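Overview (structure and organization)
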Protein chains: 2
Amino acid sequence: MSLETLSENRSFGGTQGVYRHKSQATGTDMTFGLFMPELAEHARVPVLWYLSGLTCTHENAMTKAAAQQLCADAGIAIVFPDTSPRGDDVADDEAYDLGKGAGFYVNATQDPWKPHFQMWHYIVHELPELLGDNFAVDRDRMGITGHSMGGHGALTIAMTHPERYKSVSAFAPIANPTESDWGRKQLGAYLGSDESAWRAHDSTVLMTEKGYPGEILIDQGSSDQFLDLLKPESLAHAMMARRQSGQFRMQPGYDHSYFFVQTFMNDHVMWHTERLI
Amino acid sequence: MSLETLSENRSFGGTQGVYRHKSQATGTDMTFGLFMPELAEHARVPVLWYLSGLTCTHENAMTKAAAQQLCADAGIAIVFPDTSPRGDDVADDEAYDLGKGAGFYVNATQDPWKPHFQMWHYIVHELPELLGDNFAVDRDRMGITGHSMGGHGALTIAMTHPERYKSVSAFAPIANPTESDWGRKQLGAYLGSDESAWRAHDSTVLMTEKGYPGEILIDQGSSDQFLDLLKPESLAHAMMARRQSGQFRMQPGYDHSYFFVQTFMNDHVMWHTERLI
């Protein structure tokens with residue numbers, strides 16, 4: 001696969017790059033951000049996946065999450081994929097929460113989404129392979145996190161493929177999408193009206209049915225403006241009913257913004273580093 | 001009130017004492033442990049209440065929780081009350097989980113328990129007053145924690161009297177006693193068959209109805225042999241549904257013993273210290 005460098009900037013002794021490539025999974029060009037720490041000049045380093053939320057591109061967390069210094073100090077890479085396919089021939093919707101910027105980390109089975117909206121396959125299979133082939137990252141030491149829709153993606157992907165992801169955390173995840181307007185609409189559009197197909201993409205359902213073999217860290221702001229859509233209480237109940245190792249933290253006064261994400265990014269980078277190094 | 005010193009031992013520069021006094025609340029002699037840090041020679045210090053679990057006396061946590069060094073370093077006192085009235089004229093039951101060693105931190109309204117089992121009043125009102133009159137503790141800076149039945153006591157007392165307790169945490173609390181065999185039996189015995197009277201002594205109910213104005217820390221071991229009786233999932237759901245500030249941690253592999261309590265005592269002492277100093 002060919003890889004085009006759109007930009008590379010020195011950052012905390014390492015390199016913050018933005019790259020574009022043709023994706024077989026989505027049938028489009030895809031752009032991602034990747035921070036490589038200085039340590040990667042000498043050895044393959046663990047890599048943390050950061051999945052962004054609704055309306056985001058590869059750029060939001062890369063510029064606003066303040067993760068680079070933390071990852072530089074820890075000696076791990078962090079990758080910021082896009083949240084959907086892009087391009088004029090890619091289906092879209094007028095709503096901000098369906099179509100472009102809203103891939104929901106699933107493989108669409110329904111038209112008009114099916115041709116390009118294959119974000120699960122892109123994130124889980126294609127992009128890791130590309131990273132391993134082109135950068136000094138160690139695919140045997142991968143962790144995954146994300147925010148909102150990306151927290152949903154991180155949790156569902158990690159619980160489905162624990163052998164690939166040695167650590168997992170989430171910021172304000174969409175925790176029970178099969179029971180939320182952030183979920184029912186999108187899962188219905190992408191996966192069809194048979195709700196049994198949705199269950200593989202609901203963290204609360206997956207937690208109840210299988211959980212995760214390691215520990216899980218979840219942070220949620222108590223002043224998040226989307227709490228009724230995120231449904232943290234459903235996932236917290238499922239975690240504790242399963243006796244899932246980990247912690248669910250309700251952080252007082254924080255909202256859904258990147259100021260919240262940035263505040264707790266250090267805890268999450270440390271969480272993953274302890275499990276990947 | 002007269003206070004009899006049963007023992008005093010130098011400990012981490014401070015003093016671990018055991019004291020006995022006549023209690024008006026219980027109508028019996030009551031014994032408690034109190035660790036005073038060296039700092040208390042110069043100023044009144046904050047005080048952390050540690051409520052023990054079923055079968056315990058004042059002695060269990062005092063000898064097995066390893067809290068003294070942490071409290072000495074933090075400059076706070078820690079008090080270890082008994083878990084029930086004692087004495088030949090005090091009602092008891094053959095079961096380990098009713099009667100002596102099982103006061104459940106309520107004021108009994110039913111015979112034969114009513115004359116002496118007034119542990120709520122003893123813990124919330126009488127013993128704080130006695131401590132303030134006899135030791136250099138600052139009653140305006142009190143925190144409360146506890147283990148199992150004591151975690152239940154700490155949470156219910158703090159949510160009922162947040163003006164008295166500036167911080168609260170719990171180790172493996174009995175979290176939903178109105179729905180558990182650790183609760184229904186005792187609340188029925190002490191408070192009678194009208195279950196509406198039980199609700200004031202159920203952390204999940206109190207969390208749903210009022211919560212706590214500060215942050216709450218709860219640790220629970222995932223290998224706790226009593227998980228089905230403790231019901232952490234009920235309280236976790238109530239916390240997150242209320243958006244209660246705090247964190248619920250499921251600690252992998254820990255059981256219900258004092259090895260679990262001791263492991264996380266540092267986190268809890270730090271938690272309280274940050275909110276009391």
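The structure this text deals with has already been given above.
First things first, this report covers the structure right here in the doc. (Residues numbered from 1 in each chain as written. Chains lettered and ligands numbered in written order. Predicted model: local features only at pLDDT ≥ 70, side-chain atom pairs only at ≥ 80, totals over all residues. Heavy atoms only, no water.)

1. Describing the overall build of chain A
What chain A contains, in helices and strands, is 9 helices and 9 strands. C-alpha extents for chain A along the principal axes are approximately 45 × 40 × 35 Å. Taken across its 277 residues, chain A has 62% of its residues classed as buried. Restricting to contacts in chain A with at least 6 residues of sequence separation, those with at least 24 account for 72%. (Helix = DSSP H or I, 4+ residues; strand = E, 2+ residues; numbered from the N terminus. Buried < 20%, exposed > 50% of the residue type's maximum accessible area, 1.4 Å probe, protein only. Contact = heavy atoms within 4.5 Å.)

2. Quick look at the pairing of strand E4 (residues 45-51) of chain B
Successive residues of a regular strand alternate their side chains across the two faces of the sheet. Residue and element names in this part refer to chain B. Burial analysis of E4 places 7 of its 7 residues in the buried class, the great majority of the element. Relative to strand E6 (residues 137-146), E4 runs parallel, the two sharing 6 bridges. The partner of Trp49 across the bridge, within E6, is Ile144. (Pairing = 2+ DSSP bridges.)

3. Details of the packing of helix H3 (residues 119-134) of chain B against helix H4 (residues 149-160) of chain B
Geometry of a packed helix pair, given as the angle between the helix axes and the separation of the axes. Residues and elements named next belong to chain B. For the pair H3 and H4, the least separation of the axes is 12 Å and the interaxial angle reads 60°. When the interaxial angle is binned, H3 and H4 end up oblique. Crossing of H3 over H4 shows right-handed handedness. For the pair H3 and H4, contact is made by Trp120, Ile123 and Val124 and by Thr156, Ile157 and Thr160, respectively. Per-class residue counts for the contact of H3 with H4 are 4 nonpolar, 2 polar and no charged. (Axes fitted to C-alpha atoms, helices over the stretch in contact; angles between N-to-C directions. Parallel < 35°, antiparallel > 145°, perpendicular 65-115°, else oblique. Left-handed = near helix turned anticlockwise from the far one by under 90°. Nonpolar A, V, L, I, M, F, W, Y, C, P; charged D, E, K, R; others polar.)

4. Structural notes on the relation of the copies chain A and chain B
The transformation that overlays chain A on chain B combines an axial shift of 0.0 Å with a rotation of 180°, and the residual RMSD is 0.0 Å. Both copies of the chain, as the preceding transformation shows, are related through a two-fold rotation axis. The fraction of interface residues of chain A whose copies in chain B are also interface residues reaches 100%, indicating that both copies meet through the same surface. (Least-squares fit on C-alpha atoms with pLDDT ≥ 70 in both.)

5. A look at the packing of aromatic side chains
Residues and elements named next belong to chain A. Counted by the stated rule, this structure contains 24 aromatic pairs over all chains. Residues Tyr50 and Phe171 carry aromatic rings whose centres are separated by 6.4 Å and whose planes lie at 50° to one another, so their mutual orientation is tilted. Note that Tyr50 is positioned in strand E4 (residues 45-51) and Phe171 in strand E7 (residues 165-171), a separation of 121 residues in sequence. Taking the relative accessible area as the measure of exposure, Tyr50 reaches 0% and is therefore buried. Looking at Phe171, the relative accessible area reads 0%, which means it is buried. (Phe/Tyr/Trp six-rings, centres within 6.5 Å; stacked < 30°, edge-to-face > 60°.)

6. Re the interface of chain A and chain B
Listed by partner, the interface residues are 20 residues for chain A and 20 residues for chain B. Counting each side, the surface lost to burial between chain A and chain B is near 1800 Å², with a carbon and sulfur contribution of 60%. Three residues stand out in chain A for area buried against chain B, namely Met240, Arg243 and Met250 of chain A, and they jointly supply 37% of the buried area on that side. Linking chain A to chain B there are 4 salt bridges. In this assembly, chain A and chain B are joined by 7 residue pairs in polar contact (both at pLDDT 80 or more). The element that contributes the greatest number of residues to the side of chain A that touches chain B is helix H8 (residues 232-242) of chain A, accounting for 7 residues. Judged from the 5 bridges that link them, strand E9 (residues 246-251) of chain A and strand E9 (residues 246-251) of chain B form a sheet pairing that is antiparallel. (Buried area = accessible area lost by both parts, 1.4 Å probe. Salt bridge = Lys/Arg side-chain N within 4 Å of Asp/Glu carboxyl O. Polar contact = N/O pair within 3.5 Å; in protein donor to acceptor, adjacent residues only side chain to side chain.)

7. Topic: the pattern of salt bridges
Summed over the entire model, instances satisfying the criterion amount to 30 salt bridges over all chains. The partner of Arg141 of chain A in a salt bridge is Asp138 of chain A, with the nearest N and O atoms 2.8 Å apart. You can call Arg141 of chain A partly exposed: its relative accessible area is 25%. Two residues, Asp97 of chain B and Lys185 of chain B, come together in a salt bridge whose shortest N-O distance is 2.6 Å. Of this pair, Asp97 of chain B sits in the loop between strand E5 (77-80) and H3 while Lys185 of chain B sits in helix H5 (residues 181-191); the two residues are 88 residues apart in sequence, bridging distant segments of the chain.

8. Here we look at helix H9 (residues 258-276) of chain A
Residues and elements named next belong to chain A. The largest bend in H9 comes to about 45°, at Phe264. Those residues of H9 not exposed but buried are Tyr258, Phe260, Val261, Phe264, Met265, His268, Val269, Trp271, His272, Thr273 and Leu276. Put simply, Ser257 is the residue that caps the front of H9, since its side-chain oxygen is 3.1 Å from the backbone nitrogen of Phe259. (Bend = angle between axes of the 7 residues up to and from the residue.)

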